[in-house]
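Descriptive analysis of the structure
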Amino acid sequence: MELGSRYTPLGIEEKWYKHWEDLNYFHSIPDEREPFTIVIPPPNITGVLHMGHMLNITIQDILIRRARLQGKNACWVPGTDHASIATEAKVVRMLRDQGIKKSDISREEFLNYAFEWKEKYGGLILQQLRRLGASCDWERTAFTMDEKRSEAVIKAFVDLYHRGKLYRGKRMVNWDCEAKTVLSNEEVLYKEEQAQLFNIKYISQHDPNSSIVIATQRPETIMADAAIAIHPEDPRYRHLIGTKVIIPLINRAIPIIEDTYVDIEFGTGALKVTPAHDQNDYEIGVRHKLEIVDILNDDGTLNSNAKILVGEDRFTARKKIKSLLEEANVLVSIQDYKTSIGRSERTHSVVEPKLSLQWYVDSKQLSEPALKAVMESEIEFLPDHMKNTYRHWMENIRDWCISRQLWWGHRVPAYYYGEEIFVAETKEEAIHLAIEKIGISNFNPVLLFQDEDVLDTWFSSWLWPISVFDGFNNSKDFQYYYPSNVLVTGWDIIFLWVARMIMAGYEWKNAKPFKQVYFTGMVRDKQRRKMSKSLGNSPDALELINEYGADGVRFGMLSSSPAGGDLLFDEKLCDQGRSFCNKLWNATRLIQSWKSSSIDAKDYETLVMSWMNDRITEIYIESDKLIEQSRLSEALKLIYSFIWEDFCGFYLEALKPQESSNISQEVYLNTIGYYERICTLLHPFTPFITEEIWHQLKTRQAREDCMMSSYEQIRIVDKKLLETISEVRNITTNVRELRSKHSIKMNVELPLYVQQSNIDNVLLTKGAKSLLIKMARLSDCTEVISEVAHTQSFIGMRHKYYVLMPITIDVQAEKQRLLKDIEYAQGFVGSIEKKLSNDRFRTNAPGALIEKELRKLEDGRIRLQSLKESLNSLNADL
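I will try to describe carefully the structure that is included in this document. All residue numbers refer to positions counted from 1 along the written sequence of the respective chain. Note on the predicted model: pLDDT of at least 70 is required for a residue's local features to be given, and 80 or more for side-chain atom pairs to be given and counted; whole-chain, interface and lining totals, by contrast, use all residues. Only hydrogens and water are set aside when side-chain values are computed; all heavy atoms of the structure are taken into account.

Notes on the environment of S726
Quick note on the threshold: Here a helix means four or more residues in a row that DSSP labels H or I, a strand means two or more in a row labelled E, and each is numbered from the N terminus.
In this structure, S726 sits in helix α22 (residues 719-741). With 115 residues separating them in the primary sequence, S726 and W611 have C-alpha atoms 9.8 Å apart.

Here's what the structure looks like:
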């Protein structure tokens, strides 16, 4: 069937993905082959496909498809994360829309609703990944709250607790008033925002005419003040130390203390100390044994300890307290200023510091082997500079708060009986522990209850490389697939996830969880802004696939995405990918239009086929090196350039038969064979178009699919042959440029002369002369001993060429051109000579590089000499 004039990806992509799935190509089981493993960074079940996902998934799919083509046992494990905070918010919102309040139902009822929501929406993003071509082993799909993963989480908690690496303590935490839960430090995003600084007067307890002014951005917390602190070296307030002032509006007396933490230069130099609502204030409070007054409820409203504005939201209270302070004549002034404000990563609510009883992992005890593994390159980071960021965090690591005040998640496996805590994997085990300690006669099971909190989502996902292969039970899969080969992830979760997975790997398996971490950059728009819905600069991922095809989008995403570097996304890149697919499609149509017969291949056809055979091998070698170095973008550009310029631009043009002419069967079959090899090479990057072309070119029955073909065995290429064709193409380009410069049509055949030298020229290679005559539209091509007068000349790689053209030469203009070329050639030769005269370069450079530079020097000198001879000849004519 004749192919359409344009490639239409939609139906083709759907067809081939179903074909691959039906044949179970993505599934992996342990065997004798070398494993190649990737575990997907599990997307949230609340998520939909976005630009960051597409970049991350495209890179993973390239690596996994390449591994299959290399003959490795490729296993790419997909899965989703239960995302405690985000999912609970979604379910609460859903229930609210149905007229149901979370507070009116039981925990079990809520979880039933949550699992129903998860079944309906939770797998949506995995379906969307299929549209992009993700060749995951869907039979291995894991969920962080499924049975095996949940079992692993509970085991980890219990094990850490009994080994003294996990504890419960009352500390200052980051509190999300919207989600009503604690957050880890890494889940708080800080940003400069516009705020107001309130200057408030605190009047002396014993002298109504004496006062001290403090500056605060949070006037609604003054009711929780425990002291006013000043710097001991601040002469303005030294006389006030030990006296007391009255908190405005509530008339409670608090002391004036001295502490070196106070910044003399900020605000008024006097600091209100509110231990229950600021981390630094809490530490001052501990040092000075100050009273702790908590005035905020979990939802951010003021409680009865505030005495005033009880029940008001914190921000409403801030507005109202302004009027109250003005009425009390204690508001001195308000000034605008910028400050760093922390917001919840999930709800974007302003985070409140809060003193709270929570569960913590003693991270310092787990960090040492994880830090060593990265710094000593047992685990490789790409790009390498991410190691410095990792080291800074690990060397200053804080204990990890892992409890969350939610219902959706893994419930903390801690059971309370009075003042006693029993940590166990099941309630039955907790009962057994309680009876052992309390005695069966004194134990009342009714009084034993489980902790209401759930565990931080990251406490589940830090076990991901272990738990997806049932590593706590040391399964056969775990023994075969662990550690995984590469983790592809964004640098923004290097602490939340990457560091913690490494800690978990060494803590429980004394082994790294992965060999390499490939950090992707941030997807940004052309103005370098991070893509986000709020800015309206993030295109719909599925609409992009519908418009440009999955291959076009993959090409667009990857073509400007260096490892670790930000991707400046431009939709034109996807359009370029679509155009590339059309180029491949039209090359297929061209080959299918050829008619073959039993005639012999011409000499120049044999030459071009030999060159293409070696050129493909050369591209295999070069692209393989780039991919091994994780320079995927460069590898794609290399292959793209080769296909566009070498295969389509030169090879097919050189062998394309004239109208109504046949080509030899040898040329036809070899061309299909070369194109198949190209499809295999390109397949990891653009899987759908390559699979379609593979089958369109099909000449034998029962052939495997492109996806299951194999990379070729690397062999030695004929460098001289590659150079010969490069020279032919260079000559052709120069002749065509001369035609264009002087407006000489292609149907006018021109004679070409190559000047003899002590180096063999291209005409000595069988088939090269006839190839040149065809490609450059020459009447003849001959060797000459000396300059040819009244011709246009140019320098090739190692020879000088002359073209006799039906024009009158502007001698002065030609002289100026030659002088310019001579100046450039002298500079080139000088730079090579300088490099080769450098002792350090000659000592440290590999022999092959020195040989290459010597050859460049020789070529440069030949070119310079030839240019000078041309100038002398031109001067003689003058």
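Following the structure, the description resumes.
Digging into the packing of aromatic side chains
Given two aromatic rings, their pairing is described by the distance between the two centres and the angle made by the two planes. Using the following cut-off: Classification of ring pairs uses Phe, Tyr and Trp, with its six-membered ring standing for Trp, and accepts pairs whose centres are within 6.5 Å; under 30 degrees between planes counts as stacked, over 60 as edge-to-face, and the remaining range as tilted. With a 1.4 Å probe rolled over the protein chains alone, any residue whose accessible area is under 20% of its type maximum counts as buried; one over 50% counts as exposed, and the rest are partly exposed. Note on geometry: a ring has a charge over it if NZ (lysine) or CZ (arginine) is within 6 Å of the ring centre and within 35 degrees of the ring normal.
In total, this model carries 35 aromatic pairs according to the counting rule given. Relative to F459, the ring of F157 has its centre 6.3 Å away and its plane inclined at 70 degrees; by these criteria the two rings are edge-to-face. Here the residue F157 occupies a position in helix α6 (residues 147-162), and F459 occupies one in helix α12 (residues 457-461), the gap between them amounting to 302 residues. Here F157 falls in the buried class, since its relative accessible area comes to 0%. Owing to a relative accessible area of 0%, F459 belongs among the buried residues under this scheme. Through pairs of rings, three or more aromatic residues link up here, namely F157, Y161, W359, W400, F459, W462, F472 and W508. Over the aromatic face of W138 sits the side chain of R130, whose NZ or CZ is 3.9 Å from the ring centroid. Over the ring of W644 we find K583; its NZ or CZ atom is 4.7 Å from the centre of that ring.

Thoughts on the packing of helix α18 (residues 603-628) against α22
Under the convention used in this document: For helices, the fitted line uses only the C-alpha atoms of the stretch in contact; every axis is such a line through C-alpha atoms, and the angle between N-to-C directions lies from 0 to 180 degrees. The labels follow the angle: roughly parallel below 35 degrees, roughly antiparallel above 145, roughly perpendicular from 65 to 115, and oblique for the rest. Crossing handedness follows the turn of the near helix against the far one: under a right angle anticlockwise gives a left-handed crossing, and clockwise gives a right-handed one. Whether two residues are in contact is decided by their heavy atoms: any pair within 4.5 Å suffices. All amino acids are sorted into three groups, where Ala, Val, Leu, Ile, Met, Phe, Trp, Tyr, Cys and Pro are nonpolar, Asp, Glu, Lys and Arg are charged, and the leftover types, Gly among them, are polar.
Following both chains from N to C, one finds α18 and α22 inclined at 115 degrees, their axes separated by 9 Å at the closest point. Considering the angle they form, α18 stands roughly perpendicular to α22. You can see that α18 and α22 cross each other, and the crossing is left-handed. Between α18, through L607, S610, W611, D614, R615 and E618, and α22, the contact on the second element is made entirely by K719, L721, L722, I725 and R729. Looking at the contact of α18 with α22, its residues break down into 5 nonpolar, 1 polar and 5 charged.

Focus on the sheet that holds strand β23 (residues 514-520)
Inclusion rule: Pairing between strands is defined by DSSP: at least two bridges between them are needed.
Reading across the sheet, the 3 strands line up as β15-β23-β22 and stay open at both edges, with parallel pairing between neighbours. Looking at the sheet topology across the chains shown, the edges are occupied by β15 (380-382) and β22 (484-490). On average, adjacent strands in this sheet sit at an angle of 20 degrees to one another, irrespective of strand direction. Looking at chain direction, β22 and β23 are connected through 6 bridges and run parallel. Looking at the pairing, T489 lines up with F519 of β23. Sheet strands in contact with helix α2 (residues 51-69) are β22 and β23, and its direction is about 160 degrees off that of β22.

Topic: the sheet that holds strand β6 (residues 181-183)
Read from one edge to the other, the open sheet built from 4 strands follows the order β6-β5-β14-β16, with strand pairing classed as antiparallel. Whereas interior strands pair on both sides, the edge strands pair on one side only; in this sheet they are β6 and β16 (400-401). Bridging between strand β5 (residues 166-176) and β6 involves 3 bridges; their strand directions are antiparallel. Across the sheet, the residue bridging to D176 is T181, located in β6.

Comments concerning the pattern of salt bridges
We apply this condition: Each salt bridge in this description consists of a side-chain nitrogen of Lys or Arg and a carboxyl oxygen of Asp or Glu lying within 4 Å of one another.
For the structure shown, the criterion picks out 51 salt bridges. The partner of D61 in a salt bridge is R65, and the shortest N-O contact between them spans 2.7 Å. With a gap of 4 residues between them, D61 and R65 both fall in helix α2, about one helical turn apart. When the shortest N-O distance is used, the salt bridge between E119 and K118 registers 3.3 Å. Since its relative accessible area comes to 17%, K118 is described here as buried. Residues joined in a network through salt bridges with shared partners are R615, E618, D646, K719 and R729.

With respect to the environment of P353
Mapped onto the fold, P353 is located in strand β14 (residues 352-361). Between the alpha carbons of P353 and K698 there is a distance of 67 Å; along the sequence they are 345 residues apart. For P353, the residues in contact, after removing those within four places along its chain, are M172, V173, R218, A276, H277, D278 and Q279.

Observations regarding unusual backbone geometry
The linkage connecting L382 with the following residue, P383, adopts the cis geometry, with an omega of 0 degrees. Looking at the element boundaries, P383 is found in the loop between β15 and α10 (386-395). Omega for the peptide link from Y482 to P483 comes to 0 degrees, which places this bond in the cis form. Following the sequence through the fold, P483 ends up in the loop between α14 (476-481) and β22. Notably, N329 is not glycine yet its phi reads approximately 60 degrees, a positive angle. As for its placement among the helices and strands, N329 is situated in the loop between α8 (314-327) and β13 (331-344). A positive phi is found at R777, a non-glycine position, where the angle reads about 55 degrees. Residue placement: R777 occurs in the loop between α23 (768-776) and β29 (778-784). Overall, the relative accessible area of 31% leaves R777 in the partly exposed class.

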